[in-house]
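For reference, the chains in residue letters:
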Amino acid sequence: MRVVSLLPSATEILYALGVEPVAVSHECDYPPAAWGKPAANESRIDPDAASEGINQQVADAEAGDGVYELREAVLRGADPDMIVTQGVCDVCAVDDRLVEAAVDDLGLDAEVVTTHPHSLGDVLDDIRRIGDRTGAGERAADLVADLDARIQRVRERAPTDGRRVVVADWMDPVMVAGHWIPGMVETAGGAYGMADPGERSRPRRFEDLLAYDPEVVIAAPCGFPLDRTVEHIEELTGREGFGDLAAARSGEVYAMDGHHHVNRPGPRLVDTLEAFAAILHPERFDRPAGDVLKRIKTRDVRAD
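Residues numbered from 1 in each chain as written. Predicted model: local features only at pLDDT ≥ 70, side-chain atom pairs only at ≥ 80, totals over all residues. Heavy atoms only, no water.

Caption draft 1: Seen up close, the overall build of the chain. Of regular secondary structure, the chain possesses 13 helices and 12 strands. Looking at the chain residue by residue over its 304 residues, the buried ones come to 54%. Sequence-distant contacts in the chain: of pairs separated by 6 or more residues, those separated by 24 or more amount to 69%. Summed over its atoms, the accessible surface of the chain is roughly 13,200 Å², and 46% of this surface lies on carbon and sulfur atoms. (Helix = DSSP H or I, 4+ residues; strand = E, 2+ residues; numbered from the N terminus. Buried < 20%, exposed > 50% of the residue type's maximum accessible area, 1.4 Å probe, protein only. Contact = heavy atoms within 4.5 Å. Areas by Shrake-Rupley, 256 points an atom, 1.4 Å probe, with all protein chains shown as cover.)

In structure tokens form, the structure reads like this:
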């Protein structure tokens, strides 16, 4: 089967199921084999700008022709039987309506499979569904069983001490991560009082963050790898009042690879769940290996 993936999470799912896509999105960089595939779309956003600048570019793009443009020549050449896209966020990846219009315009005989994950359980359902559509149902069932067993281990071992947690998936303006993140934090034993499970990520007033006074802050901007999050961390920590937060006073401020491990609803979200558990309960869970997470030293946080 010839499959085109228009979002990084679907690409990871396909490779995990042994299905190699013929074309991918411009952001598909994992596993490494995906990086060499033709890109079926491109972004109108300069990814090297600061958070505030990117936020303005996105707003301008949404008011105009949209954040993404499909490369119709690549789609036509790929001649797909199936295209996987998403209906969660117009900013995160190509919207399913744009894909369906392109399929009609190009006369492609392709099924459009749309993912709508708002929880970790939804991600497991997407794995099953993509497995069924690609003839990899048995492999999908095995993968889901393994991931679900790891989720249950975290749930069983994590005490519910209820420390207040905020995961920021943008820093200027501050956006509190929603969708799958609130439920994952709660499964890892934390409290997530600024967003409900399944709620969309949205900008928040910084004053609301100060009033919530989180005991753990994890900065994981969408599209930012760990080194870039660390580079720009003062967009969050340098704000007036941040140094007075319980998290800053106790040194529980972290930078995380949001690009791969927070904003990408694929199999590695279970790695992220385990990382949350390690942050909240280091005596019970091992710290994740690799460049996933960095603790921001208290002295690096500018207090008032």
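Still more ground to cover, so stick around.
Caption draft 2: Structural context of the packing of aromatic side chains. Evaluation of the coordinates by the stated rule reveals one aromatic pair. When the ring centre of Phe206 is taken as origin, the NZ or CZ atom of Arg239, which lies over that ring, is 5.2 Å away. Looking at Arg268, its charged tip hangs above the ring of Tyr30, at a distance of 3.6 Å from the centre. (Phe/Tyr/Trp six-rings, centres within 6.5 Å; stacked < 30°, edge-to-face > 60°. Lys NZ or Arg CZ within 6 Å of the ring centre and 35° of its normal.)

Caption draft 3: Representation of the nonpolar core in the model. Membership of the largest hydrophobic core comes to 72 residues, with the highest contact counts inside it found for Val167, Ile181 and Leu236. Per element, the largest residue contribution to this core is nine residues, and it comes from helix α13 (residues 269–280). In contact with Ile181, not counting residues within four places along its chain, are Val167, Tyr192, Val262 and Phe276. Ala40, Ala78, Val103 and Leu106 belong to the second-largest nonpolar core, a separate cluster that totals 14 residues. (Core = buried A, V, L, I, M, F, W, Y, C linked by side-chain atoms within 4.5 Å.)

Caption draft 4: Seen up close, the sheet that holds strand β1 (residues 3–5). On the basis of which strands lie adjacent, the open sheet formed by three strands has the order β1-β4-β5 and parallel pairing. If you trace the sheet from one side to the other, it starts and ends with β1 and β5 (111–115), each paired once. With direction set aside, neighbouring strand axes in the sheet form an average angle of 20 degrees. Together, β1, β4 (82–86) and β5 form the strand contacts of helix α5 (residues 120–134), whose direction differs from that of β5 by roughly 170 degrees. (Pairing = 2+ DSSP bridges. Axes fitted to C-alpha atoms, helices over the stretch in contact; angles between N-to-C directions.)

Caption draft 5: Examining the confidence of the model for the chain more closely. When pLDDT is averaged along the chain, the result is 88; 87% of the residues meet or exceed 70. Strand β10 (residues 216–219) holds the highest mean pLDDT among the elements of the chain, 98, whereas helix α2 (residues 51–63) holds the lowest, 54. (pLDDT = per-residue confidence, 0-100.)

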